[in-house]
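Structural overview for review
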Amino acid sequence: MGTVQSVPDYSLVTTYLHKLAGRESISENDPFWNQLFSNSLPDTAAVISKLQQNEVMKTFCESLIMNADVSKNFITLVKVFLSRCSELATSVECDNVMYIWQTTNALCILRNVCLSLLENMAEEKLVDLFKCTHSDNPVICQLDKRAEIDHLNNFIHRLLDIVIDIPLSTLTYALHLETLNCILVLLSCQVFLSSPVQPIYDVFIHDVSADEANAFIHRLMGNFVKQVTNTSCLISSEKPSKEHSADLMPTISKLSSLFTGNKSFEKECKPTQRATSLSHLSSLIILILMNYGDKDEGSKQINGNVFKTALSIICYTPTSQSQQSSFFVDFSRLYSTLCTTIAEECGCGTLLLYYLMQCNQSIQAFILSKTEIDDLVLPILKIIHSASSKVSNHVYMSLIVLLIFTEDADFNKSVHTIKLQSVPWYTDRHLTNVSLGDVIVSVITRLLYLNMRQHFDGYLNTNCLAALANMSQHFRNIGVYPAQKIFELLTYLMKQYDRCNASLMLPDHHSLDSDHPGPSTAQKQTLEEVIKLLLEVISFCLTKEILLHNENFIYAMLQQSHVFTMLREYVMFKDDMLVIDKIVAFFLLKLEEQNLLSQPMTVSQIQIIISDSAKHMPEFESQKVSSMKFHYVEEESSKDFFIPYIWSIVFNESGMNWNTECLKQSDYDVDV
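Residues numbered from 1 in each chain as written. Predicted model: local features only at pLDDT ≥ 70, side-chain atom pairs only at ≥ 80, totals over all residues. Heavy atoms only, no water.

The next point concerns the overall build of the protein chain. Along the backbone of the protein chain there are 33 helices and four strands. Counting all 672 residues of the protein chain, 55% fall into the buried class. A sequence separation of at least 24 residues applies to 77% of the contacts in the protein chain between residues at least 6 apart. Surface exposure of the protein chain reaches about 29900 Å², of which carbon and sulfur atoms provide 50%. (Helix = DSSP H or I, 4+ residues; strand = E, 2+ residues; numbered from the N terminus. Buried < 20%, exposed > 50% of the residue type's maximum accessible area, 1.4 Å probe, protein only. Contact = heavy atoms within 4.5 Å. Areas by Shrake-Rupley, 256 points an atom, 1.4 Å probe, with all protein chains shown as cover.)

A word on the confidence of the model for the protein chain. Per-residue confidence for the protein chain gives a mean pLDDT of 80; residues scoring 70 or more make up 76%. Ignoring residues within four places in sequence, the model shows residues 1–8, a span with pLDDT below 50, making seven contacts including any to other chains. Here residues 133–140 is a poorly scored stretch, pLDDT under 50, and it has six contacts once near neighbours within four places are set aside; other chains count. (pLDDT = per-residue confidence, 0-100.)

We now examine the packing of aromatic side chains. By convention here, two paired aromatic rings are described through the distance between centres and the angle between planes. Per the counting criterion, the structure on display carries 34 aromatic pairs. Aromatic pair Phe-192 and Trp-658: ring centres 6.0 Å apart, planes at 15 degrees, arrangement stacked. Here the residue Phe-192 occupies a position in helix α11 (residues 189–192), and Trp-658 occupies one in the segment after α33 (639–653), the gap between them amounting to 466 residues. Here the two residues Phe-192 and Trp-658 agree in accessibility, since each one is buried. Pairwise contacts between aromatic rings join Tyr-354, Tyr-355, Tyr-632, Phe-641, Phe-642 and Tyr-645 into one cluster. A cation over an aromatic ring shows up here: Arg-84 above the ring of Tyr-99, its NZ or CZ 4.7 Å from the ring centre. Its end group placed over the ring of Tyr-335, Lys-370 keeps NZ or CZ at 5.2 Å from the ring centre. (Phe/Tyr/Trp six-rings, centres within 6.5 Å; stacked < 30°, edge-to-face > 60°. Lys NZ or Arg CZ within 6 Å of the ring centre and 35° of its normal.)

Even without glycine at this site, Lys-72 takes up a positive phi of about 60 degrees. Relative to the elements of secondary structure, Lys-72 occurs in the loop between α4 (68–71) and α5 (73–85).

Turning our attention to the packing of helix α21 (residues 374–385) against helix α22 (residues 393–406). Contact geometry for α21 and α22: axes closest at 8 Å, N-to-C directions at 140 degrees. Viewed along their axes, α21 and α22 adopt a mutual orientation that is oblique. Every pair of crossing elements has a handedness; the one defined by α21 and α22 is left-handed. Note on element contacts: α22 touches α21 through His-394, Val-395, Ser-398, Leu-399, Val-401, Leu-402 and Phe-405, opposite Leu-376, Val-377, Ile-380, Leu-381, Ile-383 and Ile-384. Considering only residue class, the contact of α21 with α22 consists of eleven nonpolar, two polar and no charged. (Axes fitted to C-alpha atoms, helices over the stretch in contact; angles between N-to-C directions. Parallel < 35°, antiparallel > 145°, perpendicular 65-115°, else oblique. Left-handed = near helix turned anticlockwise from the far one by under 90°. Nonpolar A, V, L, I, M, F, W, Y, C, P; charged D, E, K, R; others polar.)

Attention now moves to the pattern of salt bridges. Across all of its chains, the model carries seven salt bridges by this definition. Between Glu-178 and Arg-111 there is a salt bridge whose closest N-O contact spans 2.6 Å. A residue pair is termed long-range when its members are at least 10 positions apart, and Glu-178 in helix α10 (residues 173–187) and Arg-111 in helix α7 (residues 97–120) qualify at 67 residues. Grouping residues by exposure puts Glu-178 and Arg-111 together as buried. Residue Arg-568 is joined to Asp-581 by a salt bridge in which the shortest nitrogen-to-oxygen separation is 2.9 Å. Of this pair, Arg-568 sits in the loop between α30 (562–567) and α31 (578–593) while Asp-581 sits in helix α31, and the two are 13 residues apart along the sequence. (Salt bridge = Lys/Arg side-chain N within 4 Å of Asp/Glu carboxyl O.)

Its place among the elements puts Thr-179 in helix α10. Look at Thr-179 and you get buried, because its relative accessible area is 0%. Within polar-contact distance, the side chain of Thr-179 engages the backbone oxygen of Leu-175 at 2.7 Å. Excluding residues that lie within four positions of it along the chain, Thr-179 makes contacts with Leu-107, Leu-159, Ile-162 and Val-163. (Polar contact = N/O pair within 3.5 Å; in protein donor to acceptor, adjacent residues only side chain to side chain.)

Now for the packing of α10 against helix α16 (residues 277–289). Their axes nearest at 10 Å, the elements α10 and α16 cross at an angle of 25 degrees. Classified by the angle their axes make, α10 and α16 are roughly parallel. The element α10 and its partner α16 pack so that their crossing is left-handed. Contact residues: Tyr-173, His-176, Leu-177, Leu-180, Asn-181, Ile-183, Leu-184 and Leu-187 in α10; Ser-277, Leu-278, Leu-281, Ser-282, Ile-285, Ile-288 and Leu-289 in α16. Broken down by class, the residue content of the contact of α10 with α16 amounts to eleven nonpolar, four polar and no charged.

Taking 1.5 Å of rise per residue, 25 residues should cover 36 Å, and helix α26 (residues 480–504) covers 36 Å from first to last C-alpha, within 8% of that figure. In terms of residue burial, α26 counts as a mostly covered element, since 18 of its 25 residues are buried. (Expected span 1.5 Å × (residues − 1).)

Quick look at the environment of Cys-500 now. As for its placement among the helices and strands, Cys-500 is situated in helix α26. You can call Cys-500 buried: its relative accessible area is 3%. When the C-alpha positions of Cys-500 and Gln-523 are compared, they lie 7.9 Å apart, and in sequence the two are 23 residues distant.

Helix length check: helix α27 (residues 521–540) (20 residues) gives 29 Å between terminal C-alpha atoms against 28 Å at 1.5 Å per residue, within 8%. Three or more residues of α27 are buried, namely Thr-526, Leu-527, Val-530, Ile-531, Leu-534, Leu-535, Val-537, Ile-538 and Phe-540.

As a further point, take the side chain of Thr-172. Among the secondary structure elements, Thr-172 is positioned in the loop between α9 (138–165) and α10. We classify Thr-172 as buried; its relative accessible area is 0%. Polar contacts involving the side chain of Thr-172 include one to the main-chain carbonyl oxygen of Pro-167, which spans 2.6 Å.

Under the definition given, this model contains zero disulfides. With no disulfide of its own, Cys-108 has Cys-182 as its nearest cysteine by sulfur position, at a separation of 9.4 Å. (Disulfide = S-S within 2.5 Å.)

Turning next to the environment of Tyr-426. Position of Tyr-426 among the secondary structure elements: in the loop between β3 (419–422) and β4 (432–435). Here the alpha-carbon distance between Tyr-426 and Ser-442, two residues 16 residues apart in the chain, equals 9.4 Å. The contacts of Tyr-426, once residues within four sequence positions are left out, are His-385, Leu-431, Ser-442, Val-443, Arg-446, Tyr-481 and Lys-485. At a separation of 3.0 Å, a polar atom in the side chain of Tyr-426 contacts the side chain of Tyr-481.

Structure below.
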C-alpha cells in the first residue's frame, strides 16, 4: 500500500505558508488547517539551497509577525492545536492515525516558529504572539490580559499532558518526539534571551504542580531508562495509514526541513542518535530543568525547583505488583543504561549520573552497592584519561562524579578487590592484571601531572587530591606502577618548586622576555599548596594497618626518598614531614640491618623484608588513623557553569538546527 511516492509540489508548500503568514484571517474552523497539516511537505533540503531555505523561513516569520495583529493567524494556529489536544487521547484509543499525524504536523510548525522567534526577534515578540495584545484600546487590553496569557500557559501545559498522558507506541512516537522538541525550544529562552521570558519561565517554575512535575520527570526517566526507539519510523517515506502508522517521521522531517537554513550550527545526527532520539531528548530536558528556578527559602522544593524534587523521590521498583507507583524506576535497568550511555562518551550521561547521585540518595546508594561498579567507573576514568592540552567540561564532570564515589568508604575498599585483565585505553603504560583502584590512582595522578605542567587549575587540583585523600585511607595491595606515580609526581612538583623559588629570588626575574614569562608568585603558592596536600595524602597511608598490606607503596617511597631531602630544606613543609620522616627512617634502618644497602638485591627480596618489617613497626607518636573525608559541595554560583555546559550539549547532541550566533552569551562549546 502506498508504495508510490508523490512528486514534490513546492508551489503548494509556498502557497500554504504564504496564506498562513498573510494579512487575511483564517478562522479556527477553516478547512485550510486540515489541508496544511495533511500536506506531505517535500524535503526541500534535497533540492533547495540552504540559503533559499533560510530565506523562506525568514520571510515567513517576518510576515507572520508583521501581520499577526491583523490576521491573528498565529494565535489561531495555537487555538487549533489546543482544541486538537482535547481529542488526542480518544484518537489514540481509536487508532486515528490521520488525526495524530495532523496534530504532530501542527506542533512541528509551532515549534519551528517559536525557535525562529527566540533566535532572531526581540524578547517580547514570542509572548506578544501568544497574547496577541495589539488593540489600540488599553481598556480592552487590560480586560483581555488574563485570557491572552492563558494561551501560552495552556500551550505549555498541553505539551506536558501529551508527554504524561498519551501512551508511547509506534503510533505516537513522532508525536512524543515533536512534543519534547517543542518543550526544548521553549526552555531555550534561558539562553537565547538576555533574561528568560517571564511568562514561559513562570509556567515551568511556578505553575507546574508537584504532581505534574513528578509525572513528567517519571515519564522522561522512563524514556531514558528503557532507551525507547522507533526504528520503523526511520525506514519508510510513505504517507500514514493504519497499516503504515510508522510513516509519520519522514513527513515531520520534511516539514521541519523547511525551517532550517544556513545557520551557524547545522549537522546530521548519527544513525544511533536518531534511533534513540526520544531517550536522548528526555535526558537533555531533565538536565535543563535541574537548573530552572531560584532558591526559595520558604519552599519545600529543592531550590524552589519542583522538577529537581521530583527526581529526588524516585524509588526502586517494588517486588509486589500491588505496590506499583508512578514514581518507581527499575534501578538495575537505569544502571545499565547509564553504563552504556557514559561508555559512548555522551556528555549528558555523565551529567545525568551527577544529578541522580546529588538529588536521589536511593539511587546513589544503589549505584555504590553494585559489585560490578567497574562497568560504570572505567568509562568515567577513560574520559578523564582523555584530557590532553585542553581539560573539557566533560572531564571536570567526570572527575566530580569520581570524587562523589570516593566519599563512600565501601567503594574505596571494593575497588582494590576488583581485578582487571587489561585497560586498553590507558596509553602511558600497558596495564595488565591490575585492580580498579590501581587504575583510579594512575589516572588521577596523570591528570594532576598534566594540570601542573600546563594549566595550574586550582579547582582541578583540589578535586584530584580530595579523591586521592579519600582513597588513600583504604589503600590495599596497591600496585607498583600507581605507587610509583604518586612519588614521581611529588618529585616533579618539588623540582618545579625549587626552580620557581630560585627564579623568584633573582633580582631581574621580572624583566624576562614577555614571550617566555618566568614563574609567578601565584604559581609558587599553587605548587606549595599542591605539595602540602599530596604530603597529606601520603601521610594518610602511613598507618600500620595500611602499610601491612602495601609493600609496593613503601618500596616506592624508599626508592624516591631523595625527594624528602629536598622537602626538608623548606620550613613550610616541616610539619607535613613528621610522620613521613619517621616511617622512612624506620624502614631504611631495617634494610641496613639486613645489609641490603651494600649488596644488590631483587625487588621481590626487598619487598619481603619490607613486608616483614611492617609487622613489627611501632605506632609513632604523631601517627594516627585519619578520619578526614573530603566532600564535594556544589557552589552557589554553579549555574554559571552548568547552564552553558548543558546547553552546549543540547546544541551538539539534540539533532536540531540551532542558530548559536544569536546566543546572548559566548561561553558555549558548540561544534560547528
